[in-house]
Amino acid sequence: MPNISRDEVAHLAKLARLAVTDDELNVFAGQLDQILDAVAKVSEVAADDVPPTSHAVPLTNVFREDVVRPGLTQQQALAGAPAAEEGRFRVPRILGEEQ
Amino acid sequence: MTDLTRLPAAELAEKIHAREVSSAEVTQAHLDRIGEVDDHVHAFLTVDAEGALAAARAVDSALAGGQAPASPIAGVPLALKDVLTTRGLPTTCGSKTLENWIPPYDATVTRKLREAGVPILGKTNMDEFAMGSSTENSAFGPTHNPWDHARIPGGSGGGSAASLAAFEAPLAIGTDTGGSIRQPGAVTGTVGVKPTYGGVSRYGLVAFSSSLDQAGPCARTVLDAALLHEVIAGHDPLDSTSIDATVPPVVAAAREGMRGDLKGVKVGVVKEFSGEGYQAGVQRSFENAVDQLRALGAEVVEVSCPNFVYALPAYYLIAPSEASSNLARFDAMRYGLRVADDGSHSAEEVMSLTREAGFGPEVKRRIMLGTYALSSGYYDAYYGSAQKVRTLVKRDFDAAFEKVDVLVSPTTPTTAFKIGERVDDPMAMYLADLCTIPANLAGNAAMSVPSGLSDEDGLPVGLQIMAPALADDRLYRVGAAYEVARGSIIDRVPELKGVSA
Amino acid sequence: MTAVAEVMDYAEVVERFDPVLGLEVHVELNTKTKMFCGCANEFGGEPNTHVCPTCLGLPGALPVLNGKGVEGAIRIGLALNCEIAEWCRFARKNYFYPDMPKNFQTSQYDEPIAVNGYLDVTLDDGEVVRVEIERAHMEEDTGKSLHVGGATGRIHGAEHSLLDYNRAGVPLIEIVTKPIVGMGSRAPEVARAYVTALRDLLRALDVSDVRMDQGSLRCDANVSLMPKGTTEFGTRTETKNVNSFRSVERAVRYEMTRQAAVLVAGGKVTQETRHFQESDGTTSPGRTKETAEDYRYFPEPDLVPIAPSREWVEELRGTLPEMPAARRKRIQTEWNLSAEELRDLFNSGAVELVEATVAEGAKPNEARSWWVNFLAQEANARETEITALPITPAQVARVAALVDSGELTNKLAREVVKGVLAGEGEPDEVVEKRGLKVVSDDSALLAAVDEALAAQPDIADKIRGGKVQAAGAIVGAVMKATKGQADAKRVRELIIERVGA
Ligand SMILES: [Mg+2]
Ligand SMILES: [Zn+2]
């Protein structure tokens, strides 16, 4: 049975890039615990011999022709940008590293 | 002009196409109505009077030039849920994150509506990113149920459903991930259909849960819903999960059903969706509906779908999991809200601070729930198990549809609850989707059609009809037959308080 | 200040440890469009001009898989002797990074399209090593960031960054080896030879530009050490994005010497990513495993599974060109080359040219000698690719034929080739214009022979006395007198004739 701690919620918030407040940590810890408790019910019937279903409709092999389609202009691409410079999206300095 | 707003879409279309009335007049009448009542209802987030009238005039001039109508509903205006992209018109998804975002492209549904000559009145209110069952999670304030302003209009598509019940629009588009078309339809006394998954393109539908989301028609009659269904459905090469098959003949099926004969139709009553937790008035309304179906000639049997009770927990793992990934793109880098970009914060900090500021509590809750369910060590127990339940729910449907043509249940266990009543209790809120979720998990088609008013509170109740995938036409045949036999309830909506007629 | 890392002498490293390698190569496919949208897949270009809602990750946009990308992946898999999956899927790899528009990478994960293959790699001395391939899977590339305000345009110290998404969504195939063990001191060479062999293979398949300098071929090198006599793998490091074949070798070698120093000093190797410095050939630490992301993979709901039919796979197998290793073997046998000659031939980059020259009728040895020796030097002197020299295999074959028939001496033939390179026309025209034909008129030659014998009577005597080899001096004089246009063999015959007469 899940028993989700404040620290775990903080870790999740970090993974999900949410700068949650202390108050939120407390509230979410309680609520997530309650929800996870309820949804854990799925394990009652999820037997080993039951295959998982990821897609509602069983389609396969949907491919596109390798043909260029018109996209957006640079201006359209940048129209919604919070900041732009030299035809590029301007973002604050990046601290992490590429994966 | 008020009477124009009271007519069904089918009749409006006939009048417009016969040039008895212009699309511009019809559109203006609805814009006027929105102007009169929407302060009280708050169905719309954006009203595009100019765009709607321009589209209406284009239809009028095409008709005046002797051209055939672009579609059977050409000229009939519509309210579009604010989760489908509209080129040049804001698309907010009910979120502060996208408050000022103007998409550079149209969703396929939007494009089809434009091509069909359907004027788009505006964008309707919704729970933020379609997460909710009451439209209280909109960052821009709740929508009120036209039947009782103190109550919720359902969600997430409360704006679309309320716009119909308030006679602000004759047609609307909703999206249904766990019941967001059908449940608002039920609690506002309107018709809502979740087509077969893959039946309507998701291109341009801002994703909540990709494997469950499906756009569909909302209307005040079954025939109107069918007419809209045929306009928006069909294969789209821009959506890999779109089904490459002809659209089921839903309009023909609705017309056939309207003749009032269900002989030869086998109806299954889902045994698991009754009893404890179901409001008595809802239960009685449902039982009356079943009697009515029998009276129409249908053969009614009870069917057990034992795994349906696991659908709700499975849904609240799958949908948040997919959502946690789908909503990662709202990171303040390329579009949408950005806060704290003052030179002192890194990109990572700006992302976290913006997401914190831009998302409401329900969205954050689900993102964290989904992040948890997918994280290493928990995946198998949560997300993996939920996907297995999905298989079991599908099997239940398959077994049931071997015996019956359609399944029926109440759309929702209760009538509209009061605004504020469940906001602090997520689990209670989630129960609103108990009966609608199985169809989303399995991908089959389902409809909610009004089954009258609950005798204890006088609020609308919905009958849910479920059909196999690609058999959407069955919903319309049964739904239309029942609707005609039951009689309309929408005219019993109280005239809006404090609004002069 | 970072401390200068201790390293161990390489000879000592390989005496005490066995290295274990794992190589991950990312190759950009040269399809016309990106993996999941119709934007042009082109290197360079104005920033953010090859973008659309899908590859910019705009709300509502959806991916549709490029069939050519799948074809490329299958052909690579087949060329690497892999099994092609009967059924596989894409997953989402979730992590936040500004150059990734959706904040998840659409990538195959536990269900790759190709598994269990191998590539035979030839080392410098001709020894062939079999490198086992674990998998080849499909994924997409990220955008590119430009760091502004830092000292060297690098990420550290930058004030802000600028993002260009032209590369976002470009098809990538990631090829992962199984652990490569037992290579001892040759491990760095094996790493370089593997990446080189892979480049040659991909080039033969024509699926990629395979330019390490432009990033269309990228290598990450995993290195660990185990003390001699043990079999349990040590802790590994992953050195990222090494930009040249030579650097692959240097990076592996450096990591071996660095890790050995750590281990011998009683320390532990930290599991981390490291960055290779081109300037001094060292690596520096990056992200450690403790701070590594939890990628929360799950099946991509927006794309449907791929089930390549066996007919399609066999059809694609039929399109595979002769593989580089097989070709080397065939050429070596057919032309009877030593390992050294074979290596020189392949290093010259003129294999195709030599083959074409042979096809035009030249003898393999002659064709090879022209290209690998003479023309390679010409290309070098002109600082151009050998393939760019203004001479065709047919022209080279014609020159070789003229030599064969005795119409040109080797020396004259070189003049002819220079004439062709100088744009003076076909070989026969050059011979004509420059008057380079061998003097085959005996009377003209006899006059020159007599003159030379008269000038050096002592040598004439020696020849007469039986020292036939002394004739060389006279031959030389005659050749000089005729400006090299005489056939030396005929001159020698005439000298013997004259002296003996
Ligand atoms: Mg990868
Ligand atoms: Zn694109």
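Residues numbered from 1 in each chain as written. Chains lettered and ligands numbered in written order. Predicted model: local features only at pLDDT ≥ 70, side-chain atom pairs only at ≥ 80, totals over all residues. Heavy atoms only, no water.

The name given to chain A in an unreviewed UniProt entry is Aspartyl/glutamyl-tRNA(Asn/Gln) amidotransferase subunit C, with the source organism recorded as Amycolatopsis thermoflava. What the UniProt record of chain A gives under Subunit (unreviewed entry) is the line "Heterotrimer of A, B and C subunits." (UniProt positions renumbered as here; feature names shortened; annotations may be inferred.)

**Some words on the overall build of chain A**
The helix and strand tally for chain A stands at 3 helices and 3 strands. Counting from the amino terminus, helix and strand elements in chain A follow one another as α-α-β-α-β-β. When each of the 99 residues of chain A is scored for burial, the buried share is 42%. Sequence separation of 24 or more characterises 30% of the internal contacts of chain A that already satisfy a separation of 6 or more. Carbon and sulfur atoms form 49% of the exposed surface of chain A, whose accessible area is close to 5,300 Å². Chain A carries 9 positive and 16 negative side-chain charges, and their two centres are separated by 10 Å. (Helix = DSSP H or I, 4+ residues; strand = E, 2+ residues; numbered from the N terminus. Buried < 20%, exposed > 50% of the residue type's maximum accessible area, 1.4 Å probe, protein only. Contact = heavy atoms within 4.5 Å. Areas by Shrake-Rupley, 256 points an atom, 1.4 Å probe, with all protein chains shown as cover. Lys, Arg positive; Asp, Glu negative; His and termini not counted. Charge placed at Lys NZ, Arg CZ, Asp CG, Glu CD.)

**Things to note about the packing of helix α3 (residues 23–41) of chain B against helix α4 (residues 49–64) of chain B**
Residues and elements named next belong to chain B. The geometry of α3 relative to α4 is characterised by a closest axis approach of 8 Å and an angle of 160° between their N-to-C directions. Taken as axis vectors, α3 and α4 run roughly antiparallel relative to one another. As for how α3 packs across α4, the hand of that crossing is right-handed. Residue-level contacts link S23, A24, T27, Q28 and L31 of α3 to A49, A52, L53, A56, R57, V59 and D60 of α4. Its residues assigned to classes, the contact of α3 with α4 shows 7 nonpolar, 3 polar and 2 charged. (Axes fitted to C-alpha atoms, helices over the stretch in contact; angles between N-to-C directions. Parallel < 35°, antiparallel > 145°, perpendicular 65-115°, else oblique. Left-handed = near helix turned anticlockwise from the far one by under 90°. Nonpolar A, V, L, I, M, F, W, Y, C, P; charged D, E, K, R; others polar.)

**A look at the environment of A339 of chain C**
Following the sequence through the fold, A339 of chain C ends up in helix α7 (residues 339–348). As a C-alpha pair, A339 of chain C and A388 of chain C span 49 residues in sequence and 27 Å in three-dimensional space.

**Concerning the coordination of the magnesium ion (ligand 1)**
Tetrahedral metal sites with four donors have an ideal angle of 109.5 degrees; octahedral sites with six donors have ideal angles of 90 or 180 degrees. All names here are of chain C. The coordination sphere of the magnesium ion (ligand 1) contains the protein donors E139 (OE) and E174 (OE), at a distance range of 2.1 to 2.3 Å. Of this pair, E139 sits in strand β7 (residues 128–140) while E174 sits in strand β10 (residues 171–177), placing them 35 residues apart in sequence. Take E139 and E174: they sit in the same class, and that class is buried. (Donors = N, O, S within 2.8 Å, 3.2 Å for Na, K, Ca; no water.)

**Things to note about the coordination of the zinc ion (ligand 2)**
Residue and element names in this part refer to chain C. Looking at the zinc ion (ligand 2), one finds its protein donor set to be C37 (SG), C39 (SG), C52 (SG) and C55 (SG), positioned 2.3 Å from the metal centre. In this structure, the zinc ion (ligand 2) is coordinated by 4 donor atoms arranged in tetrahedral fashion, with angles at the metal of 100 to 115°. All donors to the zinc ion (ligand 2) come from one chain, and their sequence spacing reads C-x1-C-x12-C-x2-C. Each of the two residues, C52 as well as C55, counts as buried. (Tetrahedral: all angles 85-135°; square planar, octahedral: opposite > 155°, others 65-115°.)

**Here's the deal with the pattern of salt bridges**
Evaluated as defined, the whole model comprises 65 salt bridges over all chains. E495 of chain B serves as the salt-bridge partner of R6 of chain B, at 3.1 Å between the closest nitrogen and oxygen. Here R6 of chain B, found in helix α1 (residues 2–6), pairs with E495 of chain B, found in the segment after α17 (472–486); they are 489 residues apart in sequence, far enough to count as distant. Take E495 of chain B: its relative accessible area is 37%, and that puts it in the partly exposed class. For E71 of chain C, the salt bridge is made with K68 of chain C, and the minimal N-O distance between the two is 3.2 Å. Of this pair, E71 of chain C and K68 of chain C both sit in helix α2 (residues 67–79), 3 residues apart, which is roughly one turn of the helix. E71 of chain C gets classed as partly exposed once you look at its relative accessible area, which sits at 21%. (Salt bridge = Lys/Arg side-chain N within 4 Å of Asp/Glu carboxyl O.)

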